[in-house]
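# Overview (structure and organization)
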Amino acid sequence: MRNNAGIDTTSSFIITSRESRNYIIPLRYRQMENLHIVFWLFKDISWCLLWKPLGMIMIAPTFIISLVIAWRTKQYMSELCHNVAISVWIAANSYWMISEFFEFDTTIIWGGITYKHLALIPFFTGVLILAYYYIYWKPRHKDEPETM
C-alpha cells in the first residue's frame, strides 16, 4: 500500500528510493521504541536500587518489546541483527540482575566460574550475531537496502 507520496506504508521501514537510501520509521514504531527505553531504564534503576519487585516486573515488557521491534524489522538484515543482539543483551542483563537479586551470582559452578558468568552466553551470542552481519552478510550483500 502506498501513501500520497508514493511511499510503501506496509513495511516498518521505508526505502524511499534506491539512490537516496532513506528510511522512515513510522511514528507508532518510534513510540514503541521510546517506551521500550523507559521500561529498560526502570528495570536498570530498580536493579541499582535493589527494588526487586519492580525490576522483575520490568523484565517482561522490556524483553517483549525488544522482540517485537526485532520482528518488525526482519526485512532488513542490518536492523534484524542489531535488534536481536539487543534482545539477547536484555536477556543477559536480566539474568544477571536476577542472579544478584536472589544472591546466587557469586555461587561457584566450576573452578572460578560463577552463575553470574552464565550471562556471558547471551552477551557473546549478541556479539556473534553482529559479527555474522558485519563480517559475513554485509560484504556479500552490498546492494541490499540497509540502514547501517
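This section reports on the structure supplied with the text. (Residues numbered from 1 in each chain as written. Predicted model: local features only at pLDDT ≥ 70, side-chain atom pairs only at ≥ 80, totals over all residues. Heavy atoms only, no water.)

This part is about the environment of H141. Tracing the chain through its elements places H141 in the segment after α4 (120–140). It is 9.8 Å that separates the C-alpha atoms of H141 and M77, two residues lying 64 residues apart in sequence. (Helix = DSSP H or I, 4+ residues; strand = E, 2+ residues; numbered from the N terminus.)

Attention shifts here to helix α2 (residues 52–72). With 21 residues, α2 should cover 30 Å at 1.5 Å per step; its first-to-last C-alpha distance of 31 Å lies within 8% of that length. Inspection of α2 places G55, M58, I59, T62, I65, S66, I69 and A70 among the buried residues, and these make up the whole buried set. On the buried face of α2, the contacting elements are α1 (27–48) and α3 (77–101). (Expected span 1.5 Å × (residues − 1). Buried < 20%, exposed > 50% of the residue type's maximum accessible area, 1.4 Å probe, protein only. Contact = heavy atoms within 4.5 Å.)

Per the counting criterion, the structure on display carries 2 salt bridges. Salt-bridge contacts for E33 lead to R30; the nearest nitrogen and oxygen are separated by 2.7 Å. Residue E33 and its partner R30 are located together in helix α1, separated by 3 residues, close to a single helical turn. Judged by relative accessible area, E33 falls into the buried class, the value being 17%. A relative accessible area of 36% means that R30 is categorised as partly exposed. Linking D44 and K43 is a salt bridge whose minimum nitrogen-to-oxygen distance equals 2.7 Å. Taking relative accessible area as the criterion, K43 reaches 0% and is therefore assigned buried. (Salt bridge = Lys/Arg side-chain N within 4 Å of Asp/Glu carboxyl O.)

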